[in-house]
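# Structural features, examined
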Amino acid sequence: MQKGTMPSRGRPHLKVVYPEGVKELTEDLHKDELIRRLKVLAKTFADMDQDQEEEKQRYEPLSLHLASEHFLHHESKDVKLIVGCCIADIFRIYAPEAPYKDPIQLKEIFLFLVKQLRGLEDINGPLFKRYFYLLENLSWVKSFNICFELEDCGEIFNQLFETLFSIVHRGHSNKVRTFMLDMMSPIITEGDSVSQDLLDIILMRIIEPQKGKLPEAYELARDLIKRTSQAIEPYIQTFFNNVLVLGKTSESDASHRIYDLIYELNVIAPNVLLSVLPQLEFKLRSNDGEERLHVTRLLARMFSDKESQLSSQNKPLWNCYLGRFKDVNVAVRVECVKFAAKLLINHQNMMEEVTEQLKARCHDPDESVRYEVVSSIIKAAKESLRNVTQELLSLVQDRMLDKKFKIRKEANQGLALIYREHCTTPGQEDEMIRWIKNKLLHVYYQTSPEDRLLVEHAVTHCLVPYTMETKERMRRLFRLYATLDEHAVKSLNEVFRSQHMLRNHMKQLLDLLVDEETEVEEREKQIAAKTNLLARSLSEPSKAHEQVKKFVDILGKDERIHGFMETLVDPKCTCDKAPETMREIQKKIGHFGQKGPASPFYDTVKNLLEKVSPLIIDPHAVDQLFRLLNDTMEGLGDEDLGDSGQERGLQLILMLSPIYPESFQSQDIFGQLLTYLKKDNPIVVDTALQIFTNTGKVIEDSFPQIKSALLPVLQLKAKTGTPRQAKHAIRCVNTIFPGVRDTIFTQIFETLRKKLSFNSTNFQTALTAIGHLSLLAPELFSQQMKNFVAKFIVKDLLMQDRNQGKVTTSTWCEDDHVSEETQAKVIALKLIVNWLLGMKSNENFSCTSTFRLLHAMIKNKGDLMQKAMVSLPERAHLRLAAGCAVLKLAQERVFADLLSLEQFQMVASLMNDSCLEVRQKFTNKLHKGLMKLRLPLEYLSIFSLAAREQHSGLRRQIKACINKNIAQRRQYIVQHSGASPKLMSLLPDYVVPYTIHLLAHDPKFFDRQKVEQLKDIKECLWFIMEPLIMRSENQNYIFVKKLIECIKHTKDAQCPDNLKANEKMYAVCDLAHNLLVLKATNVTWKEHPVTPDLPSKLFTKPDLTQMSNTKSYLPSNFQWTPKKKTGVAALIDKDSPLPRPGPKITSEGPAKKNGPTKQQRAAKQEKTETTKRTQRSSDADKTADAPEKTRGPGRRAQANKNEAPKKGSQRKRTAEVPEEEEGPAKRPKTAATKPAAKRLRGEPDRSVKQEEGSGSETEESGPSKKTRKAPANKPSAAERRKSNENVTPVATRTSPRKQPTTRTSPRKASQSGTSRSRGAAAPTSSASSSPRKVAPTRKAPPKKEVVPPKKNVRNVRRAPPLAASNGDLQSDGESPENPSTPEVPSPATGKPGRVTEALKKLGNENSSGTDSLNVKRARPKRRR
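Keep in mind that this is a model prediction, so the values were computed, not measured. (Residues numbered from 1 in each chain as written. Predicted model: local features only at pLDDT ≥ 70, side-chain atom pairs only at ≥ 80, totals over all residues. Heavy atoms only, no water.)

## Describing the overall build of the chain
We apply this condition: Helix and strand assignments come from DSSP, with helices taken as H or I runs of at least 4 residues and strands as E runs of at least 2, each series counted from the N terminus. Contacts were defined at the residue level, with two residues in contact if any of their heavy atoms lie within 4.5 Å. Computed with the Shrake-Rupley method and a 1.4 Å probe, the accessible areas treat only the protein chains shown as cover for residues.
Across its full length, the chain holds 62 helices and six strands. If you take every contact in the chain between residues at least 6 apart in sequence, the share linking residues at least 24 apart comes to 73%. Carbon and sulfur atoms form 49% of the exposed surface of the chain, whose accessible area is close to 68200 Å².

## Observations regarding the side chain of S376
Using the following cut-off: Accessibility here uses a 1.4 Å probe with only protein chains present; expressed as a share of the type maximum, an area under 20% marks a residue as buried, one over 50% as exposed, and anything in between as partly exposed.
On the secondary structure map, S376 appears in helix α22 (residues 367–383). Judged by its relative accessible area of 3%, S376 falls in the buried class. When near neighbours in sequence (up to four residues on either side) are disregarded, S376 contacts V337, K338, A340 and A341.

## Quick look at the pattern of salt bridges
We apply this condition: A pairing counts as a salt bridge when a side-chain nitrogen of Lys or Arg comes within 4 Å of a carboxyl oxygen of Asp or Glu.
Within this structure, the stated rule accounts for 52 salt bridges. Of the charged contacts in the structure, one is a salt bridge between R741 and D742, with a shortest N-O distance of 3.0 Å. When the shortest N-O distance is used, the salt bridge between R1008 and E1063 registers 3.3 Å. Of this pair, R1008 sits in the loop between α52 (991–1000) and α53 (1011–1029) while E1063 is found in helix α55 (residues 1059–1079), placing the two residues 55 residues apart along the sequence. The exposure class of R1008 is buried, given its relative accessible area of 15%. Overlapping salt bridges bring together R170, R177, E216 and E219 as one network.

## A few points about helix α29 (residues 520–536)
Condition: Expected helix span is computed as 1.5 Å times (number of residues minus one).
For α29, built from 17 residues, the straight-helix expectation of 24 Å at 1.5 Å per residue is met to within 8% by its first-to-last C-alpha distance of 24 Å. Buried residues along α29 sit against α28 (486–513), α30 (541–557) and α33 (600–612).

## Some words on a negative patch on the surface
Condition: Each patch is built from salt-bridge-free residues with over 30% relative accessible area, joining like charges within 9 Å and nonpolar side chains (Val, Leu, Ile, Met, Phe, Trp, Tyr) within 5 Å. Charge counting follows a simple rule: Lys and Arg are positive, Asp and Glu are negative, and His as well as the terminal groups are ignored. Charged side chains are reduced to one point each, which is NZ for Lys, CZ for Arg, CG for Asp and CD for Glu.
A surface patch of negative charge is lined by D511, E566, D570 and E662. Its place among the elements puts E566 in helix α31 (residues 559–569). Classification of E566 by relative accessible area gives partly exposed; the value is 37%.

## Focus: helix α41 (residues 741–754)
What counts, and what does not: Here the arc refers to the directions that run from the helix axis out to each C-beta atom.
Here α41 spans 20 Å end to end across 14 residues, near enough to the 20 Å set by a 1.5 Å rise per residue. Those residues of α41 lying buried are R741, I744, F745, I748, F749 and L752. The arc that holds every buried residue of α41, seen down its axis, measures 130 degrees, which confines them to one face. The outward face of α41, more than 90 degrees from its buried face, is lined by the exposed residues T743 and K754. Lining the buried residues of α41 we find α39 (704–720), α40 (723–736), α42 (763–776) and α43 (782–798).

## Here we look at the packing of aromatic side chains
Worth spelling out the cut-off: By convention, a stacked pair of Phe, Tyr or Trp rings (six-membered ring in the case of Trp) has centres within 6.5 Å and planes under 30 degrees apart, an edge-to-face pair has planes over 60 apart, and any other such pair is tilted.
Going through the model one piece at a time under the given rule, you end up with 23 aromatic pairs. Ring geometry for F161 and F165: centres 6.3 Å apart, planes at 65 degrees, overall edge-to-face. You can see F161 and its partner F165 sitting in helix α8 (residues 153–167), four residues apart, about one turn around the helix. Seen from their ring centres, F303 and W318 are 5.0 Å apart, and the 75 degrees between their planes marks the pair as edge-to-face. Here the residue F303 occupies a position in helix α16 (residues 289–304), and W318 occupies one in helix α18 (residues 315–323), the gap between them amounting to 15 residues. You'll find F303 and W318 in the same group, each marked buried. Here a set of aromatic residues connected by ring pairs shows up, and it is made of F91, Y100, F110 and F144.

## Some points on a positive patch on the surface
On the surface, a cluster of positive charge is contributed by R731, K830, K888, K925, K928 and K932. By secondary structure assignment, the location of K928 is in helix α49 (residues 916–931).

## Side note on unusual backbone geometry
Backbone torsion omega between E208 and P209 reads 10 degrees, so that peptide bond is classified as cis. One non-glycine residue with positive phi stands out, namely K840, at about 55 degrees. Structurally, K840 is set in the loop between α44 (820–839) and α45 (846–859). Positive phi outside glycine occurs at N844, with the angle close to 60 degrees. Position of N844 relative to the elements: it lies in the loop between α44 and α45.

## Digging into the packing of helix α50 (residues 952–975) against α53
Here is the rule: Each axis is a line fitted through C-alpha atoms, and for a helix only the stretch in contact is used; angles between axes span 0 to 180 degrees, taken between their N-to-C directions. An angle below 35 degrees is treated as roughly parallel, one above 145 as roughly antiparallel, one from 65 to 115 as roughly perpendicular, and anything else as oblique. Note on convention: near helix rotated counterclockwise from far helix by under a right angle means a left-handed crossing. Clockwise means right-handed. Amino acids outside the nonpolar list (Ala, Val, Leu, Ile, Met, Phe, Trp, Tyr, Cys, Pro) and the charged list (Asp, Glu, Lys, Arg) are all regarded as polar, and Gly is one of them.
For the pair α50 and α53, the least separation of the axes is 10 Å and the interaxial angle reads 40 degrees. Relative to α53, the element α50 is oriented oblique. Handedness of the crossing formed by α50 with α53: right-handed. Counting all contacts with α50, which are made through R955, I958, K959, I962, N963, I966 and R970, the residues of α53 involved are F1023, I1024, E1026, P1027 and L1028. Considered class by class, the residues forming the contact of α50 with α53 number seven nonpolar, one polar and four charged.

## Some details on the environment of T189
Checked against the element boundaries, T189 lands in helix α9 (residues 174–189). Note on T189: relative accessible area 40%, which makes it partly exposed. Taking the C-alpha atoms as reference points, T189 and R227, separated by 38 residues in sequence, lie 9.2 Å from one another. Not counting residues within four places of it along the chain, the set of residues in contact with T189 comprises T228 and A231.

## Some words on the confidence of the model for the chain
The test is simple: Every residue carries a pLDDT, the predictor's confidence in it, which falls somewhere between 0 and 100.
When pLDDT is averaged along the chain, the result is 78, and 76% of the positions lie at 70 or above. Segment residues 1122–1154 is flagged for pLDDT under 50; beyond a separation of four residues in sequence, or across chains, it makes 72 contacts in the model. Note on residues 1180–1424: pLDDT is under 50 here. Beyond four places in sequence and across chains, it has 403 contacts.

## Quick look at the packing of α28 against α31
Here α28 crosses α31 at 145 degrees, and the two axes come no closer than 10 Å. The two elements α28 and α31 meet at a crossing, and its hand is left-handed. Residues R503, M506, K507, L510 and L513 of α28 touch α31, and the partners they reach there are H562, M565, E566 and V569. Grouping the constituent residues of the contact of α28 with α31 by class yields five nonpolar, one polar and three charged.

The following block contains the structure:
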C-alpha cells in the first residue's frame, strides 16, 4: 500500500492511499504509464465490494484525486475512459452515498461521465467493452439518481438523454438498449418532476422528422415511454393542457407538432391520453376550420390504425368524428373520406357506420370529396372484397356517370382494376363483382370521347389483358362475350369496330404522306381531314388536334417512325409484335420509361397507338377461338356456359370477321366454316354464310379447293334453305364469285320461278332469294320482275286472303307464331322494296304504286282488303312491315320525293299505333335511318307524336333518340364544311316546320277551339322542341321564332284554300310561339337578320306584302302557366308581337280582372262598419266647438288602423268630422286591406299612407303637429326627401295589363262626376300619381277632382307585393286566395326591396299595441 499527498478541492493536502499493487498517480506521468497504472486501479475497484467499510474511508482521498481536473480534462480519451470506469465503480462502492460532496464537482463528474458514454457509438472500436462496462455500471447502480439532489440537475439529464438518443443505432445489442433504458427510466420514475425540456427531448424523438432519420432513437423513446407511462402521464397531460386549452405554444418546441405527438402517443401508450381525448372532442367542434382539420386528421389516423380500439373505448369521440363527414369545410370532409379506406380495411366492425357516411358524401357538392369517396372504396376493395359491401361498390357504380371526368375516370379505372384483380375466369367471378364487366361496357354508350377511351382501355388492360398468352386471352374473351348482357355485347362490338375504323384512317393517312401523284393542295386537305378524324376519337379533341397534327408532321419527316406505324396498322401484324412496335415509337417521341408525369403530346400519341394497334386479335387468336367454339359445340367446353356459349361464340366470330378478315383467310378456317354449313342448326349455317361473305373475297383466286366445295353448297342453300340462308347465300355468291355471278344468278332465278307456287315447300325461301337477286343484279331480271311483281306478288299474294286468321284479343305475337301466309306477305313487301332499290328509278310509276299500296296497308290497319280474315297480331306485323318498307324506300332521294304528304302522315301514325311492339320496332327502324342521315329531316318530326306514349321506357328511349340525332346533325355540320348547301336538310332546327305541319294534320286534332286537343298538340310540340332549344349551344331561339312567324305568313300547301286547315296550322304556330317564349329563359329577343326558307312541299310562298299575322288562333279559355320568375317577359320589346306571360292568354288579348269577389265585398262592408264605430268612440269626449285638428300621413295609419289607405288616389283630411255629423254619406269608403282573421283579432294594420296634393297639406312628424302650405308646383327632390323623412312609402301592386284606378266614396263620386272604378293600386312614387285637391273645410267640401294616374309603362320594376299572411298590405281589391302577380325580389340581392323592408320596420313599431291618438278600438262584428 502506497501513500501520497495530493491537494484536493475543499480538502487540501489529503493523503491519498492507493490499493496494493497500484502505483501513485501523478500529473507528470507519461500517458502510457498513466494508462497502465489506471488499468490496475480500475481492476482493483472492479473487484472491490460495497461491504468493505474500512476501505471506503481509506480510498476516499483517492476518489477525490481521480475527480481532479487533471484526469477529467486529460487529453487522452483512454485516460478519461478508465477514469470514468473508476469513478463509476466508486459510485457503486460508496452507494447509496458518494464521496463527492461538492455540488459543483458532482455536476462536473456526471457531465464527464455523459461525455464518455458517447464512445458507445463505435461498436467495432477497441475500447467498446470498457464503454459498455461504464454503461452497465452506471445503469445497474442508478448512479444518476444522485443528481436529484443538485439544483441544476436538468442540464445533466438533458445531456444524458440527448447523448443516448443520438448514439443508439442498429448495431447495438438488446443489452445495450436495455442498459440505456435502465439508466433513463429511474430519472423519470424516481424524480420529483420532469422538466419540459427533458419531455421535449423524449417527445421529439417519436415524431417526424427525427422519427424517420433516427428510427432506433424512436424505438428507444417508445420503449422509455411505455416503461414510464404512469410516471410521465401527469407531465404529458400538463403539456397538452397548456397547448390545447391555454394555448401556450412558446414554452415547448413540440407544441407545434401537437397532433402528431398525440397520434404517436396513442400508438405507444394510449393510457397517457385519457384526459386529452375530451379536449380533442372539444377541438373537433371548434369554429376554426383549420383547427378542425388538424384534429380530424389526427382522429382519422387514430381510429383507422389496425390495432386501435379507440372507437369502442370512446364512443362519444367516435360519434363526434363521424359528424365531421358533414363538416362545412371541404378539406375536413376530404380528410374524413380519405381515411375511410383504412377504416374499412382494418376495422370491418365499423363498416356499417362508415358506409352510411360514404353514401352521404357520394353525392357531395364538392368534386374532391366525391373523388376521395370513390378512391377510398376502390382502395379497400382492391385489398380484399371482404373489406367492402355490395352497397359500397354500387356507390362507385353511380360515380361512373359523374359530371366530372376526373371522378368518372377514377370510378371506371378502379372497377376495372378490381375486376382484373379478383376475377380469373369471367362467368365464375364473385357475385359481388359480376356486374362490373357489364357496367364498364355500358359507359361506351356515352357520347364523350373521354368516356369511350376509358372503356377501350379497360377492355385491353383489364377485361381481356393483352399481356396474357394467346390461349388464355382468347379463353377469357370467349367467356366474357358469353356472359355479357345484350347492351354490353353491343358496346364491345362497337369497341372493336371503332378501333378498326380508326386503324383504316391511320392507314390511309400513312399512304397520303408518301403519295406523290396527288396535287399538294388536295393532299394537304385530305391529310387535314384525316387528322381531324383521328383527333375526334381522343379525349379533348380540340387540344388533341394540335398533338395529333404534331405527330403527323413527325410521321412525314421520320421514315423510321413511319415504318413502325405501317407495321402497326398492317393486317398481318400479330399481337406479340404490336406492343414491341408501340414501345419503339414511344421511345422515339420521348419519355418512355421515364419517371414523372408525361407530356400531353406523349399521352395523346400513346392513346392513339393503343386504339390503332391489334392488341387482342390476330390469326393465331382466331384459330384459338374456333377451337373453343368447336369444343363448345361438341359439349367439351365449359358446362356453366350452356347453350349461350355456342350462340355467343358464333356471334363473336361473326363480329370479328369483317374487322379482321385477313385473320380468317386460311385453309383451316375456311375448311372449318364448310363443316359448319353442313350442320343441322340453322343458326350455325346462317352464321357461317355471313362469315364467308365477310372474309371470302380471296377464295376464288387463292383457295380453289374451297371454291369447288363451296359453290354447290351456296346454290343449294339459295334454293332449299331457310329465307335467311337464301339471302346470305345470294350475297355470298355475289361477293366471292364475281366472275361467274351472272350465270349462277340466272340459273337460280329460273329454277325458283318455274317451281314457285303457294303450296311449294320453300315458297318463302324462293321469294327471299328472288328479292335479293333483283336487288344485286337488277339489270338481269328487270323485265321479268316487273310482270312478276304486278301479277303474282300484288294481285295473287298481297290482295288475296286465303285463310281465316285465329280469333284472339292479343295485338302481337312472335314471328314463329305468325301464319305462313302472313309471313309470305311480309317477305313479298320486302321483295318489292328490294326490287325498287335495285332499279333506283320510278319506271312505269312502280314506286308510286307501291307507296299507294303501303298507304292502304297502314290505313286499313294491316288488313289490305278489309275482309276481316287477318287476325289482330298478324295485322300488326303487316302494317309494321309496310311502315318499315316506306322508311327503307325513303332513304333513297329518288323515292323520298314521291311520297305524298297524306302518305307520310299515315306512316307517322304508326308512332301512335295501338300495339306496343309495333311502336318499338318502328321507332328502332326510324332511329336507325335518321342516325345514318339517310332519311330526310322531316322524318324526325314523327318523333313528336311520341309525346302520347304511355310506356315510360319507350318514351325515354325516343327522347334519347331525338337528342342523339340532333347532336349528330349539329356535329356533322361543324365537321363538314361542304354541308352548307344542304343546311336545310341537315340543320335540326328545320324540323319545326315539319312538326307544325304534321301536327296540324293530326287526325286527333280536328277542332282548334277544343282545349284538350290543344293541350295534346302542345305536349307533342314541346316533346320535339325541348331538345332543340333547351340544350342548344348556339342559342337558336330567335331562328326558331322566325321560322314560326314565317309560317303564319303562308298557307298550307296541302290544302291552301281550306280556311279551317290553315287556322289549325296557325293555332299550332301560336302554341309553338308561346312555348318558345314561356320555356326559353334569359333570352334577349330581337329580329332575325335572315328570312329562312320554308319547305315548298308543305307551305306556300309567304306573302310579305300583307300585314303581319299577329292574330291569336287559340281559344280564350286556353290556360297557360307561365314561370313565376321574371325572365323573358322583362326582355320582350314593347312592340314585339310575342305574347307576354300572364295568367291567361285569349284571342281577345289579356283577360281583364273581374270585380271584387263576394268575400272581398263582405270584408269591405265589415271594414266600413268597424271604422265608423272606432271613429265614434274616438270623438265621444270631444265638444262641438273643439279646435280643428290636423292629421298628416304619418298619423293616418295610427289614427285608424282598421282603415286601409286607398291606392291609386291620395287624399288628405284636414279636420275631424263630429260624431253627430258623421255618417255613411260623409265618410269615405275604405278598402279591405287586411285579412279577416287579423281584423277579428284586433291586430294593428301595418300600413302607412303616403300622400301628395296641391293646395293646403297637413303633415305630422312625431308627437308634434305641423301645418304647412304645399307648393303649387311639384316639389324638388330635396324637398321631397325632407318631407318624407318620417313617412314610409306604401308598397303597391299593379298588374302589368291594367291601368291603376282610384276609388272614391259614392258621395264624392257623385260630386266629382266620376264613376267608381276598381283596379290595382298605383305606384307610390310621385311620378306615378297625380296630385289632387282636397276640400279645405269640413261642412262644405268643394268638388274633388280625381285625376287618373299614368298608364303602366312596360318593363318598369314595381314595388314588391306583400303577403297578407305576414300582416302586411295587399293590393286593393285582392285577397290572399287571388293574388295578381308573384312577388318580385330585388334585382341586386334577390331579397325583397327597400319598400318591403320599410313596411316591415314600421309594422314592428306599430305592433307594440300603443295608439298615439288614444283612439279606443271598437270590437268588430263577427262576419256572417
